[in-house]
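Letter by letter, the chains look like this.
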Amino acid sequence: KKTSSRFKKIIQKSQKNQELNKQDIKYLLKTKGEEKETLFSEANLVRQTYLRDFFCIHGIIEFSNYCKNDCYYCGLRCENKNLKRYRMSKAEILKATENAIKKGYKLLVLQSGEDYFYTDEMLVDIIYSIKKRYKVFIFVSVGERGFEAYRKIKEAGASGVLFRFETSNAKLFKKYHSKGKKLKNRLGHLSFFKKLNYFIATGSLIGLPGQTIDDLADDILMTKKWANMVSMGPYL
């Protein structure tokens, strides 16, 4: 196939497990035609080598859609007056967990908006109660709650955290967030997640208006720095 020498050198670096730099990543993000097809083939080969055909299905329990934040891209944003809000009780969460376990789920994600109706103690009690009853891995996705909250949640039995940084571009982050949200706080959480030995699923939004190839390359590098599992999604 017709591919450039630059492309071949980048692929060779990858095959030798050498680090790709930002310029390499930008080049790959802009590939078209046969180079793009070759890139996809190489990516699939890497997947087969390391993961084969293994996949893990997560059971996600969305226990609250209340959120104190007003992130402009998010349907749960507090200023969305058209959304019917709900909160699940501990009993309802445990029942949903039981149903998921019966269906064969071995990993559950407890997910909500950033809803401080649920105190740290309530979350700890819910997680402890689940772990006491069932042999299941628990991830949490509950937003920025601080080091102490996540320390207690980890001690209660949570193994992982789903926590996107959303964009590596601080100016872009500020554009789509209000109420004092800052990228440095996101990164601070990712830092102490590592110290607390969480399994971290993180990544960015793809396609934010104003996002550039430079931003996407930085997002990939930032994901590589923090993630045990990549979690990226499209801007809708």
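Reference entry: report on the structure contained in this document. (Residues numbered from 1 in each chain as written. Predicted model: local features only at pLDDT ≥ 70, side-chain atom pairs only at ≥ 80, totals over all residues. Heavy atoms only, no water.)

Now for the pairing of strand S5 (residues 199–202). Relative to S5, strand S4 (residues 160–162) runs parallel, the two being bridged by three bridges. Bridge pairing in S5 links Val161 to Ile200. One ladder, built from two bridges, connects S5 with strand S7 (residues 229–230); its direction is parallel. Bridging across to S7, Ala201 finds its partner in Met229. (Pairing = 2+ DSSP bridges. Helix = DSSP H or I, 4+ residues; strand = E, 2+ residues; numbered from the N terminus.)

Moving on to the packing of helix H5 (residues 120–133) against helix H6 (residues 147–156). Remark: H5 packs on H6, axes separated minimally by 8 Å, with the N-to-C direction vectors making an angle of 15 degrees. By the angle between their directions, the pair H5 and H6 is classed as roughly parallel. Here the hand of the crossing between H5 and H6 comes out right-handed. Note on element contacts: H6 touches H5 through Ala149, Lys152, Ile153 and Ala156, opposite Asp120, Glu121, Leu123, Val124, Ile127, Tyr128 and Lys131. Along the lines of polarity and charge, the residues of the contact of H5 with H6 split into seven nonpolar, no polar and four charged. (Axes fitted to C-alpha atoms, helices over the stretch in contact; angles between N-to-C directions. Parallel < 35°, antiparallel > 145°, perpendicular 65-115°, else oblique. Left-handed = near helix turned anticlockwise from the far one by under 90°. Contact = heavy atoms within 4.5 Å. Nonpolar A, V, L, I, M, F, W, Y, C, P; charged D, E, K, R; others polar.)

Take the sheet that holds S5 next. Spatially, S1-S2-S3-S4-S5-S7 is the arrangement adopted by the six strands of the open sheet, whose pairing is parallel. Looking along the sheet, the strands with just one partner apiece sit at the ends: strand S1 (59–64) and S7. In this sheet, strand S3 (residues 137–141) lies alongside strand S2 (residues 107–112) in parallel orientation, the contact comprising five bridges. Residue Leu107 lies in a different strand from S3, and its bridge partner there is Phe137. Contacts from H5 reach S1, S2 and S3, with the element oriented near 160 degrees to S3.

Applying the stated criterion to the full structure yields zero disulfides. Here Cys71 stays free of any disulfide, with the sulfur of Cys67 as its closest cysteine sulfur at 6.3 Å. By relative accessible area, which is 10% here, Cys71 ends up buried. (Disulfide = S-S within 2.5 Å. Buried < 20%, exposed > 50% of the residue type's maximum accessible area, 1.4 Å probe, protein only.)

A word on the pairing of S3. Burial runs high along S3: four of the five residues are buried. In this fold, S2 hands off to H5, which returns the chain to S3; that crossover is right-handed. Sheet topology places S3 next to S4; two bridges connect them, and they run parallel. Looking at S4, one finds that Val140 is bridged to Val161. One crossover worth recording links S3 to the parallel S4 by way of H6, and it is right-handed. (Right-handed = clockwise from strand over helix to strand, strands pointing away.)

On to the environment of Ser191. Among the secondary structure elements, Ser191 is positioned in helix H8 (residues 183–195). Residue classification places Ser191 among the partly exposed residues on the basis of a relative accessible area of 26%. Along the primary structure Ser191 and Phe147 are separated by 44 residues, whereas in three dimensions their C-alpha atoms are 9.9 Å apart.

As a further point, take the pattern of salt bridges. A complete count under the given rule lists 21 salt bridges for this structure. For the salt bridge of Arg6 with Asp24, the shortest nitrogen-to-oxygen distance reads 3.9 Å. With Arg6 in helix H1 (residues 5–15) and Asp24 in helix H2 (residues 22–29), this residue pair connects regions lying 18 residues apart in the sequence. By relative accessible area, Asp24 is classed as buried at 5%. With a closest N to O distance of 3.6 Å, Lys152 and Glu121 form a salt bridge. Placement of the pair is Lys152 in helix H6 and Glu121 in helix H5, with a sequence separation of 31 residues. Taken together, the shared-partner salt bridges in this structure form one network comprising Lys68, Glu114, Glu144, Glu166, Lys181 and Arg186. (Salt bridge = Lys/Arg side-chain N within 4 Å of Asp/Glu carboxyl O.)

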